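Chain by chain, the residues run as shown.
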Amino acid sequence: MAGGINAAIVPCIKCVGRAVRAYEGLETDGYECSECGHQFLIDWSHGGPPQKACWPLSEEEAKEARRIIELINEKR
Ligand SMILES: [Zn+2]
């Protein structure tokens, strides 16, 4: 159990939509976005499991997440 109960649903790293955990590993969990279908992995071994639920995001958190994703995409 990598991310634990608080990491069962996380924001999609592509569209900040609702991504549900599809695979649970020792350090890494796999997710699939229910909005855009994007599949991705999150490695929880560095920061440890989240202390609070990753979903739902507040409006402020969603805005910040979209800003970070835009920054990442610009660098590519
Ligand atoms: Zn998505």
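Here the structure is a predicted model, which means the values were calculated and not measured.

Participant: An account of the overall build of the chain is requested, with residue identities and associated values reported.
Facilitator: Broken down by element type, the chain carries 1 helix and 4 strands. Counting from the amino terminus, helix and strand elements in the chain follow one another as β-β-β-β-α. A compact globule built from 76 residues would reach a C-alpha radius of gyration of about 11 Å, and the chain, at 12 Å, matches this within 12%. On the principal axes, the C-alpha backbone points of the chain span a range of 30 × 25 × 25 Å. For the chain, the residues scored as buried account for 14% of the 76 residues in total. Partitioning the contacts of the chain with sequence separation of at least 6, the portion at a separation of at least 24 is 41%.

Participant: With reference to specific residues and values, describe the nonpolar core.
Facilitator: In a soluble, globular protein the nonpolar side chains are often hidden away together inside. A7, V10, C12, V16, A19, Y31 and C33 together form the largest nonpolar core, which totals 7 residues. Leaving out residues up to four positions away in the same chain, C12 has contacts with G17, A19, C33, E35, C36 and H38.

Participant: Tell me about unusual backbone geometry, and name the residues and values.
Facilitator: P56 follows W55 through a cis peptide bond whose omega is 0°. Checked against the element boundaries, P56 lands in the loop between β4 (39-43) and α1 (59-75). Within the chain, V16 stands out as a residue other than glycine whose phi angle is a positive 60°. Mapped onto the elements, V16 comes out in the loop between β1 (9-11) and β2 (18-24).

Participant: Describe the environment of Y23, and please don't skip the residues or the numbers.
Facilitator: Turning to its location among the elements, Y23 is positioned in strand β2. A residue is classified by how many C-beta atoms lie within 10 Å of it, and Y23, with 12 of them, is exposed. Between the C-alpha atom of Y23 and that of E70, which follows or precedes it by 47 residues, the distance is 27 Å. Excluding anything up to four places from it in sequence, Y23 contacts D29 and G30.

The rules we used
Residues numbered from 1 in each chain as written. Predicted model: local features only at pLDDT ≥ 70, side-chain atom pairs only at ≥ 80, totals over all residues. Helix = DSSP H or I, 4+ residues; strand = E, 2+ residues; numbered from the N terminus. Rg over C-alpha atoms; globule rule 2.2 N^0.38 Å. Buried ≥ 20, exposed ≤ 12 C-beta atoms within 10 Å, placed from the backbone. Contact = placed C-beta atoms within 7 Å. Core = buried A, V, L, I, M, F, W, Y, C linked by C-beta atoms within 7 Å.

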